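# Descriptive analysis of the structure
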Amino acid sequence: MTQIILHHYDNSPFAEKARLMMGFKGLTWQSVIQPVWAPKPQLTPLTGGYRRTPVMQIGADIYIDTNLIAEELERRHPSPTLFPENGTASGGWGGLVAYALWAERMLFWPAVRYAMAWNAEKMPQELIDDRARMNGAPRGDVAKMKAAIPLFKEQLHNALAVLDDALGQGSLYLFGDEPSLADFAAYHPIWFLENNGRKVGGVMAEYLNAQAWTGRVREFRHGTREDMMAEQALAIAREASPIAADPMGEPDENAPAPGTRVTVTPDDFGRDPVEGEVMAASRRRISIRREDPEVGEVAVHFPRIGYVVRPV
Ligand SMILES: N[C@@H](CCC(=O)N[C@@H](CS)C(=O)NCC(=O)O)C(=O)O
């Protein structure tokens, strides 16, 4: 089974990044809608506990994190490329991943906090509390979120100024006239602002380079999206076997050896550890094997950047 299954929900910015990358590559994919907040009983049997959005499934292989999803899409569907190397100043894979991490930590958080604070009174309390817990707070506080709007706005403008400057250098995209991973990573926080109300999206008014670029990236759309029930995705995992792990990149002599039991945990938020046995590890990714009562043997693949590996 090689069909691409994306576990996601519509208003997720990181999922929008994955959907657009699939649109850019002209792919057909299966859409499984997962809950917006935990618990996610039809996702965690696949991941072993990881609950963030999106997750990509291909048979019994589970790909965590949009930067790894980008690499795996590239490996299976190389053209058009998300990692252009010729004729651009991208610095290759390293340059693009570094830019993506800037966008997804320094631009994403002010954008999301600003939009959520504006809309806090319209959001279900379960969602506010769930997101607060993911960041280590016992529960969400709408009044505190509202009071912090000026701070979030200031941080957001500072980050938008960086993006707008990078986009004002005469190329169509961040690293030249072809799009790359960096564009999809920087676009989805803007998409979230625009998708969550006129007041919130209005913050973009003065960033003309970013506005023009936003229009270009949006046009890649989502490819061909077909709906699938979560039960069917679980059955596909149960019937398939993981592919032999291709570690991609140089082997990592510092990583636990194949066969070692480890946990892999996000280093920023939503720190739910996933336990399994190392199949392969490079400096780019680590693949672990796990047995699950519902889906049998699955391989869960994580990027190395942004995730902590600990022997059990
Ligand atoms: N680094 C991760 C971040 C994913 C992420 O933070 N997703 C947000 C939604 S856009 C999330 O998981 N929120 C909580 C949830 O969906 O349960 C990636 O690139 O996939």
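Since we're looking at a predicted model, the values are computed, not measured.

### A few points about the overall build of the protein chain
Per the secondary structure count, the protein chain includes 11 helices and 10 strands. Here the C-alpha atoms of the protein chain give a radius of gyration of 19 Å, agreeing with the 20 Å that 2.2 N^0.38 yields for 312 residues. Here the protein chain holds 312 residues, and the buried ones make up 55% of them. Nonlocal contacts in the protein chain, meaning residues at least 24 apart in sequence, comprise 70% of its contacts between residues at least 6 apart. In the protein chain, which carries 33 positive and 40 negative side-chain charges, the distance between the mean positions of the two groups comes to 5 Å.

### What about unusual backbone geometry?
Pro-39 follows Ala-38 through a cis peptide bond whose omega is 5°. With respect to the helices, strands and loops of the structure, Pro-39 is situated in the loop between β2 (28-33) and α2 (44-47). A cis amide bond links Thr-53 with the next residue in sequence, Pro-54, at an omega value of 0°. In this structure, Pro-54 sits in the loop between α2 and β3 (55-58).

### Some words on the UniProt feature "domain: GST N-terminal" (unreviewed entry) in the protein chain
Residues annotated in UniProt with the feature "domain: GST N-terminal" (unreviewed entry) correspond here to residues 2-81. Summarising residues 2-81: 34% helix, 24% strand, and an end-to-end C-alpha distance of 20 Å.

Definitions and limits used
- Within each chain, residues carry numbers counting from 1 in the order of the written sequence.
- Only residues with pLDDT of at least 70 get local features here, since the model is predicted, and only at 80 or more are side-chain atom pairs given and counted; chain-wide, interface and lining totals rely on the full set of residues.
- The side-chain numbers reported here are obtained from all heavy atoms of the structure, hydrogens and water having been left aside.
- Numbering of helices and strands runs from the N terminus, with a helix taken as a DSSP run of H or I at least four residues long and a strand as a DSSP run of E at least two residues long.
- Every radius of gyration here is taken over C-alpha atoms, with the globule rule written as 2.2 Å times N^0.38, N being the number of residues.
- Each residue is placed in one exposure class: buried if its accessible area under a 1.4 Å probe, protein chains only, is under 20% of its type's maximum, exposed if it is over 50%, and partly exposed if it falls in between.
- Contacts are assigned to residue pairs that have any heavy atoms within 4.5 Å of one another.
- We count Lys and Arg on the positive side and Asp and Glu on the negative side, and we leave His and both chain ends out.
- Note that the charge is assigned to NZ on lysines, CZ on arginines, CG on aspartates and CD on glutamates.
- UniProt positions are given in the numbering used here, feature names are shortened, and annotations may be inferred rather than shown by experiment.

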